[in-house]
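# Notes for the structure review
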Amino acid sequence: MLGGFILLKIYLLLCCSKITENAKKSLASLKRENPRLEPTLAIIQAHNDHMIREINKNFAKEVGLRVIHISLPEGSSKDEIVNEILRLNDDPNVQGLALDLPESLCSSKVLNAVKPEKDVDGLSDVNLGRLVRGGASDCLVPPAACAVMELLEDLGGKTVLLVGADGAVGAALQCLLQRAGAATLSFRWKSPQLQSKLHHADVVIVGGTKPDDVPLSWIKPGTTIISCSRDLQSEKHNSGQQNSHAAENTVGSLAIAMRMQNMVKNTERWIQSQQCRKWDLRCLKLQPRSPVPSDIEISRAQSPKAVDVLAKEIGLLTDEIEIYGQTKAKVRLSLLERLKDQPDGKYVLVAGITPTPLGEGKSTVTIGLVQALTAHLHINSFACLRQPSQGPTFGVKGGAAGGGYAQVIPMEEFNLHLTGDIHAITAANNLLAAAIDARILHENTQSDKALYNRLVPVVNGVRGFSAIQLARLRRLGINKTDPGTLTEEEISKFARLDIDPSTITWQRVVDTNDRFLRRITVGQATTEKGFVRQAQFDIAVASEIMAILALTTSLQDMKERLGKMVVANDKKGEPVTAEDLGVTGALAVLMKDAIKPTLMQTLEGTPVFVHAGPFANIAHGNSSVLADKIALKLVGEKGFVVTEAGFGADIGMEKFFNIKCRASGLVPSVVVLVATVRALKMHGGGPNVTAGAPLKKEYTEENLQLVADGCCNLQKQIQITQLFGVPVVVALNVFKTDSPAEVDLVCKIAKESGAFDAVPCNHWSAGGRGAVKLAQAVEKAASQKNSFRYLYSLELPIVEKIRIIAQKVYGAQDVELSPAAQSQVDRYTRQGFGNLPVCMAKTHLSLSHQPERKGVPTGFILPISDVRASIGAGFIYPLVGTMSTMPGLPTRPCFYDIDLDPVTEQVKGLF
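Please read these numbers as outputs of a predicted model, since none were measured by experiment.

## Comments concerning the overall build of the protein chain
- Secondary structure assignment for the protein chain yields 32 helices and 33 strands.
- Each principal axis of the C-alpha distribution contributes one length, and for the protein chain these read about 110 × 80 × 55 Å.
- Buried residues in the protein chain amount to 56% of all 911 residues.
- Within the protein chain, residue pairs in contact and separated by at least 24 positions form 73% of the contacts whose partners lie at least 6 positions apart.
- As displayed, the protein chain has an accessible area near 38400 Å², and 52% of this comes from carbon and sulfur atoms.

Quick look at the structure:
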């Protein structure tokens, strides 16, 4: 009998060796394909059995896995173990999690706390459910159950008795044994029928320790006995005693080898999960009504998917999203690293003709297009939109979620607060503004020594520079780290910024249209000791920090841009930056969540990123580079990302190409140019429109001549697009008052003027189905040859770049700079900022600087009243004519119609 036991032991060792070698080869192959791969298995242990720990460590080392052991005290509670499990669940550096716990702690609560995708021991209900359902390839089988099955063969027709093998391992064994053709019975040690059943069993599988009152004589000779016990010590003992009973085989070591095999399988799945995969998107059905209800009624009638469900459908991992309520989630930038080798999809920009009070519907086209692409043509697509400012939302324009049956939902969440990004920008902007005035006050009222002592105080008996102060010292050429070694001259140089108050360009901001903040006086309190100056408030989205958020490519890049922001000049004419004020790190802290794009969805359940919201007339007017980059990876090579540029193509699109594309390095595939018959009629000489008043008959009755005359603006915007070498598709938003002849005329003129195609759309009333032809045209245009080019070289002088935009885009005869503007150009050139792109701050209501001039004005001289610089954002912005950076409220703002139902808590009146 001893010889048989030795043979079984040898077979057990051979099985361990085979499993280990196979796992080692598989992992080596994965590492060759993924050189930076370092799979890590975390094992939580709550007992003092050092042998189990060493065997795990040795097997892992042999296979090539990294193992970390978390040794908890022997008396640890279930809650303490669960807390540790949850911590490791959230650790992105841990790919597998195993539990070595006493049986008393292996409760359902503990086992199910492990994330199924990290459950190397396969003990969670999710893994067991998949196994029972038959999805063996979809789950990990408990290592002990695998080890038992490895030792058994030819089970067809045999009777297998499970004794004391309860819980997850017992359930897995029953499932596997039955599939192998065995008649399987399960009994507890105290069962009155146990003796009879043991006598007739061909195979006995025991779990835990056999009670003394169950003698081996109950088992018939020749029966195979296998123990699932975790007790590795029993492997050293010969269990085959007398009566020709077979030796009991303890699977401890083999189970640990199987655990390592499971870890390698899990690593392979983890690698696959990191790669971009085909979307499994469930689109939402629309049931359009006629007449079309209000935007908020439509939004509220649709039930959006839970945002975590949407995230999973488009390939986001659970640790890549931060959920805000039920319908919004921030997406972490780590996704870009995970998908860095994934090819980008096609990049589509939606622009428009010169805006009119009648509206063109760019946001609606953007949403309608992605609904058509994904919900109807089954092509992966993402919309990337700007976050709306609350100024226009409560002012006159209303929200910016699209409209009709082409909206982002819930529209009230989209338009109000969202995830707080604009509030973060406001806080950061105003912290910097406060720092400027405070620094001037303190420098004016303290000696060099007192100022230095307060800037570099003694803390707990130690005096030292902060990291940002050390960086300032290096910029000043002072290579010292001990505050006590600076000379008087160096102290003065370090401590004093000597800001010239007359040169301060950094203003406070608020996200409200408030005309009475356009010019204010600060410092009137007696505590400010007579330091009074004229200042102003801008609307929050005009802040340079908003432009930085929209153009940044990473957290590090954002931090560097924040530090470069020039807020004033010193009295020698040199720029003073946020870095000089020592506030860069604090600004980055306030912006750390705002840098993450917000995931939402359209009415048809397709994904949308909402991120950043710079105005296009006073900034560059595009959503964020980061949102576009992430979306381009998620849609895959054949997918589409559709983003929008503010106002007309001459404003938002020009800045998209010359500023945003330079920052991102991305190349657009297609431009969709949005127009309406009504807006074209206004450009053709139609009467003025008053908000709230009924439209005049020129806009509601067929007038082909007026349409033809107004198409000059459409033609000009097509020509502007062609300057950049990108194919253009015209999207004509159709209204019920448009005649078929008017629609046909616009499409005909557009195609004759160089558009790749021109398509009538009715997504506002029909949803994505109404934009299917547009989507097909965009798909075809994206396959055309693309000869994208910038409009100007950055090496050109600032004035020459301004002139190129004025003449080639706006159609101006020339430009004229005021003496103040020319002085600023000279200063920025001298300070080394002359090679930045130009962001024109100009009225959006005309190609010229005069809002009332519609159509295509010519022969005008473009006046440049001032030139400013957003060095952190990375552009020079000339002010054309008189430009306000703080809108005002009209006589009857939108807020008259906005209300809250105190019972249902539903918002009313938003549009």
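## Focus: the sheet that holds strand β30 (residues 861–870)
- Judged by pairing direction, the sheet is mixed, and its three strands sit side by side in the order β29-β30-β31 without closing on themselves. A strand with exactly one partner marks an edge of an open sheet, and here the two such strands are β29 (814–817) and β31 (875–880). Shown here is a sheet whose adjacent strand axes are inclined to one another by a mean of 50 degrees, direction ignored.
- In terms of strand pairing, β29 meets β30 through four bridges, oriented parallel. By the bridge assignment for β30, Val 815 is matched with Leu 862.

## Things to note about unusual backbone geometry
- Put simply, Ser 290 and Pro 291 share a cis peptide bond, and its omega is 0 degrees.
- The residue Pro 291 is located in the loop between α9 (252–274) and α10 (295–301) in this model.
- Going from Ile 409 to Pro 410, the amide bond is cis rather than trans, its omega being -10 degrees.
- Relative to the elements of secondary structure, Pro 410 occurs in the loop between β14 (406–409) and α15 (411–415).
- For His 378, which is not a glycine, the phi torsion comes out positive at approximately 60 degrees.
- As for its position among the elements, His 378 is in the loop between α13 (362–376) and β12 (381–385).
- Taking the relative accessible area as the measure of exposure, His 378 reaches 65% and is therefore exposed.
- Even without a glycine there, the phi angle at Lys 529 is positive, about 55 degrees.
- Given the relative accessible area of 62%, Lys 529 is considered exposed.

## Overview of the sheet that holds strand β2 (residues 66–71)
- The three strands lie next to each other as β2-β1-β3, forming an open sheet whose pairing is parallel. A strand with exactly one partner marks an edge of an open sheet, and here the two such strands are β2 and β3 (96–100). The average undirected angle you get between the axes of adjacent strands in this sheet is 20 degrees.
- Here helix α2 (residues 50–63) sits on the sheet in contact with β1 (40–45), β2 and β3, set at roughly 165 degrees to β2.

## Points about the pairing of β30
- By the bridge criterion, six bridges tie β30 to β31 in an arrangement that is antiparallel. Along β31, the bridge assignment pairs Ala 869 with Ile 876.
- Connecting β30 to the antiparallel partner β31 that follows it, the hairpin turn spans four residues, and Gly 874 within it adopts a positive phi of roughly 100 degrees.

## Some words on the packing of aromatic side chains
- Going through the model one piece at a time under the given rule, you end up with twelve aromatic pairs.
- Where Phe 465 meets Phe 494, the ring centres are 5.5 Å apart and the plane angle is 65 degrees; that geometry is what we call edge-to-face. Pair noted here: Phe 465 is in the loop between β16 (462–463) and α18 (467–475) and Phe 494 is in helix α19 (residues 488–495), with a separation of 29 residues, a long-range link. Taken as a pair, Phe 465 and Phe 494 share a single burial class, namely buried.
- Judged by centre distance (4.5 Å) and plane angle (35 degrees), the ring pair of Phe 657 and Phe 724 falls under tilted. Here the residue Phe 657 occupies a position in helix α24 (residues 649–664), and Phe 724 occupies one in the loop between α27 (704–723) and β27 (728–733), the gap between them amounting to 67 residues.

## Side note on α19
- If you check which residues of α19 are buried, you get Glu 490, Ile 491, Phe 494 and Ala 495. Buried residues of α19, seen end-on, are gathered within an arc of 120 degrees and therefore sit on one face of the element. In this structure, α19 carries Glu 488 and Glu 489 as exposed residues pointing more than 90 degrees from its buried face.
- Buried residues along α19 sit in contact with α16 (421–445), α17 (448–455) and α18.

## Points about the side chain of Gln 601
- With respect to the element layout, Gln 601 can be found in strand β23 (residues 598–602).
- Within the structure, the side chain of Gln 601 is placed 2.8 Å from the backbone oxygen of Lys 305, a separation counted as a polar contact.
- Ignoring any residue separated from it by four or fewer positions in sequence, one finds Gln 601 in contact with Leu 284, Pro 304, Lys 305, Leu 310, Gln 407, Val 408, Ile 409, Thr 606 and Val 608.

## Quick notes on helix α7 (residues 167–179)
- Across its 13 residues, α7 extends 19 Å between first and last C-alpha, which sits within 8% of the 18 Å expected from 1.5 Å per residue.
- Three or more residues of α7 are buried, namely Ala 168, Gly 170, Ala 172, Leu 173, Cys 175, Leu 176 and Leu 177.
- At the exit of α7 stands Gly 181, carrying a positive phi of roughly 95 degrees.

## Re a nonpolar patch on the surface
- A cluster of nonpolar residues, Leu 889, Phe 895 and Tyr 896, forms a patch on the protein surface that exposes about 290 Å² of accessible area.
- Residue position: Phe 895 is located in the loop between β31 and β32 (899–900).
- The class of Phe 895 is partly exposed, set by a relative accessible area of 38%.

## Considering the packing of α24 against α27
- Taken N-terminus to C-terminus, the directions of α24 and α27 make an angle of 10 degrees; their axes are 10 Å apart at the nearest point. Of the possible angle classes, the one that applies to α24 and α27 is roughly parallel. Across from Ala 649, Asp 650 and Met 653 in α24, the residues of α27 making contact are Gln 717, Ile 720 and Thr 721.
- Considered class by class, the residues forming the contact of α24 with α27 number three nonpolar, two polar and one charged.

## Some words on the environment of Asn 713
- In this fold, Asn 713 is placed in helix α27.
- When residues no more than four places from it in sequence are discounted, the contact partners of Asn 713 are Ile 353, Thr 354, His 683, Leu 847, Gly 855 and Val 856.

## Quick look at the state of the cysteines
- Applying the stated rule across the entire model yields zero disulfides.
- The thiol of Cys 712 is unpaired, and the distance to the nearest cysteine sulfur, on Cys 711, comes to 8.0 Å.
- In this structure Cys 747 is not part of a disulfide, and its nearest cysteine sulfur, from Cys 761, lies 8.5 Å away.

## Points about the packing of helix α21 (residues 555–564) against helix α22 (residues 584–591)
- Between α21 and α22, the shortest axis-to-axis distance is 9 Å and the interhelical angle comes to 130 degrees. Classed by the angle they form, the pair α21 and α22 counts as oblique. Like other packed secondary-structure pairs, α21 and α22 cross with a definite hand, here right-handed. Side by side, α21 and α22 meet where Met 558, Lys 559, Leu 562 and Gly 563 of the first sit next to Thr 584, Leu 587, Ala 588 and Met 591 of the second.
- Across the contact of α21 with α22, the residue classes tally to five nonpolar, two polar and one charged.

Rules behind the numbers
Residues numbered from 1 in each chain as written. Predicted model: local features only at pLDDT ≥ 70, side-chain atom pairs only at ≥ 80, totals over all residues. Heavy atoms only, no water. Helix = DSSP H or I, 4+ residues; strand = E, 2+ residues; numbered from the N terminus. Buried < 20%, exposed > 50% of the residue type's maximum accessible area, 1.4 Å probe, protein only. Contact = heavy atoms within 4.5 Å. Areas by Shrake-Rupley, 256 points an atom, 1.4 Å probe, with all protein chains shown as cover. Pairing = 2+ DSSP bridges. Axes fitted to C-alpha atoms, helices over the stretch in contact; angles between N-to-C directions. Phe/Tyr/Trp six-rings, centres within 6.5 Å; stacked < 30°, edge-to-face > 60°. Arc of directions from axis to C-beta. Polar contact = N/O pair within 3.5 Å; in protein donor to acceptor, adjacent residues only side chain to side chain. Expected span 1.5 Å × (residues − 1). Patch = residues over 30% accessible without salt bridge, like charges linked within 9 Å, V, L, I, M, F, W, Y side chains within 5 Å. Salt bridge = Lys/Arg side-chain N within 4 Å of Asp/Glu carboxyl O. Parallel < 35°, antiparallel > 145°, perpendicular 65-115°, else oblique. Nonpolar A, V, L, I, M, F, W, Y, C, P; charged D, E, K, R; others polar. Disulfide = S-S within 2.5 Å. Left-handed = near helix turned anticlockwise from the far one by under 90°.

That is the geometry; function is a separate question.
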